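# Chains, contacts and geometry: an overview
Here are the chains, one letter per residue:
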Amino acid sequence: MLEAGSVFSTSMGGDLIMPTVNDTTSKATVVAEYQKSTQKAPSFGSETLKAYTYRTPIVPVSLELLQDNSFDLESLLADLLAESFGRGMNEDLTVGDGKGKPKGIIEWATASDATPSAIKLDDLVDLIRSVDSAYARNGRFMFNRNTLYSLVKIKDTTNRYIWQEGARDGTPPTLFAKPYTLNDDMPDIGAGKASVLFGDFSKFKIRMVKDFRVIRLNELLAEYLSIGIFGFARLDGVPELDGFHDAQIPR
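Owing to the predicted nature of the structure, the values given are computational and were not obtained by experimental measurement.

## Here's the deal with the environment of Phe 232
- Within the secondary structure, Phe 232 sits in strand E12 (residues 226-239).
- Take Phe 232: its relative accessible area is 22%, and that puts it in the partly exposed class.
- Between the alpha carbons of Phe 232 and Arg 55 there is a distance of 4.3 Å; along the sequence they are 177 residues apart.
- Those residues in contact with Phe 232 that sit more than four places away from it in its chain are Thr 53, Tyr 54, Arg 55, Asp 211, Phe 212, Arg 213 and Ile 215.

## With respect to the pairing of strand E9 (residues 178-182)
- Looking at chain direction, strand E7 (residues 140-143) and E9 are connected through 3 bridges and run parallel. Within E9, the residue paired with Phe 141 across the bridge is Tyr 180.
- Pairing of strand E8 (residues 174-175) with E9 involves 2 bridges; the strand directions are antiparallel. Looking at E9, one finds that Leu 175 is bridged to Lys 178.

## Some words on the environment of Glu 107
- Of note, Glu 107 is situated in helix H3 (residues 105-108).
- Its relative accessible area of 45% is what places Glu 107 among the partly exposed residues.

## Describing the packing of aromatic side chains
- Tallying each qualifying case throughout the model produces 5 aromatic pairs.
- Aromatic side chains Phe 141 and Phe 143 sit 6.4 Å apart centroid to centroid with 35° between the ring planes, which places their arrangement in the tilted category.
- For Phe 143, a relative accessible area of 0% translates into the label buried.
- Ring pairs connect the aromatic residues Phe 141, Phe 143, Tyr 180 and Phe 198, which therefore count as one cluster.

Cut-offs and rules
Residues numbered from 1 in each chain as written. Predicted model: local features only at pLDDT ≥ 70, side-chain atom pairs only at ≥ 80, totals over all residues. Heavy atoms only, no water. Helix = DSSP H or I, 4+ residues; strand = E, 2+ residues; numbered from the N terminus. Buried < 20%, exposed > 50% of the residue type's maximum accessible area, 1.4 Å probe, protein only. Contact = heavy atoms within 4.5 Å. Pairing = 2+ DSSP bridges. Phe/Tyr/Trp six-rings, centres within 6.5 Å; stacked < 30°, edge-to-face > 60°.

And the structure:
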């Protein structure tokens, strides 16, 4: 989600009101000279960005290990803690229910027409078509690896793989000339499941309070001649478009 969305930071963690707007039906018209312009207000709304605190588990490290290792162990642990933080926050930004945690992008998105338990390439074409052109222009897909492999294995009537794009010439991976982001927290393909998203994910705003920090606890485990290390960050995410109309889901 950090890769696909737009991340911005704030210095404090108080509630932040994010305005939302839906103006996809508005268009300019020809108006004769000295004639009055028409009026049409966009559909404005607002959402509140919280600052949910995510903490990694505390990792105990003995002072003997810190003294005896021949590489920068604390930097290695900091990288592992960052990965742990990423897994936790990504799940909630994807499928969170909004109860004491962020509301995930799947809950914000507008569902498309129902589809069977298997997704065909034709379904993805219809998915692109269902998104307003202003947002489809910068649109991208999001699905998990199992969905990707299911799509890659689709063959034509001569038993040849249909999806050949980038397989031989090393071009960046795309699907119908649209990039895609792999997100392991997206559900697998199945009837009634939101397994694929398409839209302009830059419209999904992710607020972080300052940056991810790693804390060293020198006294907590002192009687074990050990220190504790953990990481934390505060964040939330909301779409800036009312109802996130630029993302659709096959269900």
